[in-house]
Amino acid sequence: MRTISTFALIVSSAVLLAACSSTKLDDKANAPVQNGASNGADTRTVGTVNAGSVDPLNDPQGVLAKRSVYFDYDSYTVKAEYRSVIENHAKYLVAHKDRKVIIQGNTDDRGGAEYNLALGQKRAEAVRKALVLLGVSDAQVEAVSFGKEKPKALGQDEASYAENRRADIAYQ
Amino acid sequence: MIKARYLTSVAATALAVAGLSFAPASQAQIRFEITGVGASQIPVAITAFPGEEAAPQQITSVVKADLARSGVFKLIDNGDALSDSSAVDYASWQKRGANALAVGSVARLADGRFDVRYRLYDTVAGAQLSALSIGAQPQLLRLTAHKIADDIYQKLTGIPGIFSTRISYVTKSGNEYRLEVADADGEGTQVALRSNEPIISPSWSPDGTKVAYVSFEMKKPVVYIQNLVTRQRSIVANFKGSNSAPAWSPDGSRLAVALTRDGLTQVYVINADGSGLRRLTNSAGIDTEPQFSPDGGSIYFTSDRSGGPQVYKVGLDGGSPQRVTFAGSYNISPRISPDGKTLAFISRRDGQFQLYALDLTNGQEIRLSDGNRDQSPSFAPNGKYIMYATESGRRGSLAVVSVDGRIKQRLTTQAGDIREPTWGPFMK
C-alpha cells in the first residue's frame with residue numbers, strides 16, 4: 001500500500017515536471033513577436049491608478065465614512081441602528097491588521113468633569129467591546145474619553161446634548 | 001504662657017462681640033464659629049501705615065480687603081495713621097467700637113527692600129496680641145500684606161488665616177486653555193501651562209510646589225505632575241485608555257488616580273514617580289474621583305455601583321467600600337475637610353448641580369450653593385471655606401462659601417471662562 005502510493009507520487013511528480021517544462025517550451029515557441037505595427041492593441045494609453053481611492057476608508061461615499069455612534073440619554077449601550085457602523089469598521093480592521101483606531105467617548109456638558117469622563121469612557125468601551133467581539137484585535141483598538149471637554153455641539157438644548165452623546169471611531 | 005494669654009484674649013473678644021455668657025477659653029473659638037456673620041463679626045480698626053503711600057503696594061488696603069472678604073470682621077472706619085511705635089489709647093479705640101487695633105509702618109531699606117512692621121492690640125484686654133517685622137522685596141509686598149491679614153485672623157479667631165495661600169484653576173479663551181496660579185483673592189495671576197487641548201482636575205501637592213493635572217494634549221487624558229517653579233513636567237499615568245482624577249496622598253509620596261486600563265474607570269494608587277501601580281477598587285461600573293482622607297488611611301471616591309453616582313469610602317488596605325452619601329440620586333466630586341469631619345460634594349437635585357456639605361460626625365447635610373451648574377469643590381487649608389466653580393450666563397467663575405454657608409463671595413476680578421479650582425496648602 002505504502003509502496004504503491006509512494007510510486008504514484010513519484011509518477012505524478014514526474015508527469016508534472018514534464019508538463020511544466022513542456023509548457024515553458026511551448027510558451028517560448030509560441031511567443032508572439034511584439035510589433036506595434038502588426039498588432040492593433042493600443043499600448044500608449046496609460047490607465048490611472050488612484051492610490052487614495054484604493055483604500056475604502058477614504059471613500060467619502062463609502063460605508064466607512066460613518067464613524068460616529070450616538071447614544072440615548074443616560075445610556076451606554078450601542079443602539080441597533082449603529083450595529084452596521086461598527087460591523088463595517090470591524091470588517092475593515094480585521095482585513096487591515098496594521099490599522100489602529102481610537103474610540104473617543106463624549107458626553108453632554110451637564111455634571112462633573114471627571115464623572116462625565118468616566119461616562120464617556122463607558123460609551124467608548126461599548127464600541128471597543130463590540131469591535132473586539134467581531135474579531136478586531138485588542139492591539140488595534142483603544143477606548144479613551146473626552147468626557148464633556150470637547151463638545152461638537154455648543155448649545156444647551158436637547159439637540160446639542162444628543163449630538164454630544166457620542167463615540168467617534170478615529171483612525172490613527 | 002503666650003498661648004494662654006492669646007486664648008483668653010480671643011475669649012474676651014468673642015464675648016465682647018457676641019455678648020455671650022462666660023465660656024471656657026477652649027470653647028470660645030467653636031462658639032465664635034457657629035454664631036455666624038452679623039452676630040459675631042469682630043470690630044477691628046486698621047489705621048494707615050505711615051510710609052506705605054511711597055511703596056508700590058499699599059499694605060493696609062490689601063489687609064482690609066482680606067479681612068472684609070472673610071466675613072468675620074467689621075472694619076471700623078478711621079482716618080488715623082498710627083505707626084507701630086505710637087502709644088495706643090485703648091479706651092478711645094474701644095469707644096470708637098474697635099475691639100482690636102492694627103497699626104504699622106512701611107520704610108524703604110537701603111537695599112531696595114521694604115521694612116514692614118505691624119502690631120495688633122486687643123483694646124478690650126488692653127494688651128498687645130502680636131507684632132511682626134518683615135523685610136520684603138517690592139514684588140512681595142502683596143504677600144506681606146496677606147501675611148499680616150493671616151496674623152490678624154489667627155490672633156482674633158484662633159484659626160489659621162488663608163489669605164497668603166494660593167489657588168490654581170483652568171481658564172479657557174477661544175481654543176486656548178491655561179492652568180493658572182493666583183493669590184487666594186484672585187490677584188497676581190501667573191500661567192503655569194498653556195495648551196490647545198483641555199486641562200482638567202488640577203490638584204496641589206501637599207508641599208505647594210507642584211500641581212498634578214489631566215491634560216488632553218496627547219489626544220487622550222494623561223496625568224502629569226508639574227513643578228511650578230522649575231517648570232519640570234513628568235507623566236504619572238499614561239496607560240492604555242483614559243488616565244484622570246489625580247489626588248495626592250497627605251505625605252505627597254503617592255497619588256490616587258482613575259484609570260481605564262482594565263476596562264471601565266477604576267481607582268488605582270501610584271507613586272508620584274509613576275512606579276508601583278496598584279488597583280484599589282474593583283467594581284463592574286465606574287469608580288472615580290478618589291480623595292485621600294487626611295490621615296492617609298482611606299480613600300473617598302465616586303461610584304455608580306448602586307445605580308447613580310454616590311460617594312463611597314474604602315480603606316487603603318482594601319476591604320469592602322462603605323457608602324457615604326444617601327440623599328439624592330447623583331452625588332459626585334467628594335472632597336474631605338482637613339479635619340476629616342466634613343464631606344463637600346456636588347449633588348444634582350431637581351436638575352440643579354449644587355454644592356453640599358455633609359457633617360460626617362452626625363450625618364447632617366446642608367446646601368451651600370444656589371447655582372445650577374456648580375462643581376469642583378475645594379477646601380481652604382484651614383477648612384473654613386470651600387471654593388467651587390459656578391456658571392453665570394455661559395461663563396465659568398469661581399465662588400467661595402464658608403462651610404456654615406453664611407459667608408458667600410464670588411471671585412470676579414478674573415476675566416474669561418474659569419473652571420476647575422483647587423485651593424493650595426499653607427506654605428512654609
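For clarity, every value in this text was computed on a predicted model and none was experimentally measured.

**A few points about the overall build of chain A**
Broken down by element type, chain A carries five helices and four strands. In sequence order, the secondary structure elements of chain A are arranged as α-α-β-α-β-α-β-α-β. Counting every position in chain A, which comprises 172 residues, the buried fraction comes to 41%. Here the analysis covers contacts within chain A between residues at least 6 apart in sequence; of these, 73% occur between residues at least 24 apart. Of the roughly 10,300 Å² that chain A leaves accessible, carbon and sulfur atoms contribute 58%.

**A few points about the sheet that holds strand β22 (residues 342-349) of chain B**
Residues and elements named next belong to chain B. Spatial ordering of the open sheet is given by β21-β22-β23-β24, a layout of four strands whose pairing is antiparallel. Edge positions in the open sheet fall to β21 (331-336) and β24 (365-367), since each of these has one partner strand only. When strand polarity is set aside, the average angle formed by the axes of neighbouring strands in this sheet is 25°.

**Comments concerning the pattern of salt bridges**
Residues and elements named next belong to chain A. If you walk through the whole model with that rule in mind, you get 33 salt bridges over all chains. Note that Asp168 and Arg166 form a salt bridge whose closest N and O atoms lie 2.8 Å from each other. Exposure class is identical for Asp168 and Arg166. Each is buried. Taken together, the shared-partner salt bridges in this structure form one network comprising Asp108, Arg110, Glu158 and Arg165.

**Focus on the packing of helix α3 (residues 59-70) of chain B against helix α5 (residues 141-157) of chain B**
Residue and element names in this part refer to chain B. Where α3 meets α5, the axes come as close as 8 Å, and the angle between the chain directions of the two elements is 45°. The orientation of α3 relative to α5 falls into the category oblique. Considering how the two elements wind past one another, α3 and α5 form a crossing that is right-handed. Of α5, the residues touching α3 (which contributes Ile59, Val62, Val63, Asp66, Leu67 and Ser70) are Leu141, Arg142, Ala145, His146, Ile148, Ala149, Ile152 and Tyr153. A per-class count over the contact of α3 with α5 returns ten nonpolar, two polar and two charged.

**Looking at the environment of Arg117 of chain B**
Residues and elements named next belong to chain B. Here Arg117 is to be found in strand β4 (residues 114-122). A sequence separation of 42 residues divides Arg117 from Leu75, and the C-alpha atoms of the two residues are 20 Å apart. Those residues within four positions of Arg117 in sequence are excluded, and the remaining contacts are Phe49, Asp84, Val103, Gly104, Ser105, Leu132 and Ser133. A polar atom in the side chain of Arg117 sits 2.8 Å from the side chain of Asp115.

**Topic: helix α3 (residues 83-95) of chain A**
Given 3.6 residues per helical turn, the α-helix brings residues three or four places apart onto the same face. All names here are of chain A. Look at α3: 18 Å from first C-alpha to last across 13 residues, which is about the 18 Å you get at 1.5 Å a residue. Considered for burial, the residues of α3 that qualify are Val85, Ile86, Asn88, His89, Ala90, Tyr92 and Leu93. Elements in contact with the buried residues of α3: β1 (68-70), β2 (101-106), α4 (113-133) and β4 (166-171).

**Considerations on the pairing of strand β3 (residues 100-108) of chain B**
All names here are of chain B. Most of β3 is tucked away, with seven of its nine residues classed as buried. Across three bridges, strand β1 (residues 42-46) lies against β3 in parallel orientation. Paired with Val44 across the two strands is Ala100, which belongs to β3. In this sheet, β4 lies alongside β3 in antiparallel orientation, the contact comprising nine bridges. Across the sheet, residue Ala107 finds its bridge partner in β4, namely Asp115.

Criteria and thresholds
Residues numbered from 1 in each chain as written. Chains lettered and ligands numbered in written order. Predicted model: local features only at pLDDT ≥ 70, side-chain atom pairs only at ≥ 80, totals over all residues. Heavy atoms only, no water. Helix = DSSP H or I, 4+ residues; strand = E, 2+ residues; numbered from the N terminus. Buried < 20%, exposed > 50% of the residue type's maximum accessible area, 1.4 Å probe, protein only. Contact = heavy atoms within 4.5 Å. Areas by Shrake-Rupley, 256 points an atom, 1.4 Å probe, with all protein chains shown as cover. Pairing = 2+ DSSP bridges. Axes fitted to C-alpha atoms, helices over the stretch in contact; angles between N-to-C directions. Salt bridge = Lys/Arg side-chain N within 4 Å of Asp/Glu carboxyl O. Parallel < 35°, antiparallel > 145°, perpendicular 65-115°, else oblique. Left-handed = near helix turned anticlockwise from the far one by under 90°. Nonpolar A, V, L, I, M, F, W, Y, C, P; charged D, E, K, R; others polar. Polar contact = N/O pair within 3.5 Å; in protein donor to acceptor, adjacent residues only side chain to side chain. Expected span 1.5 Å × (residues − 1).

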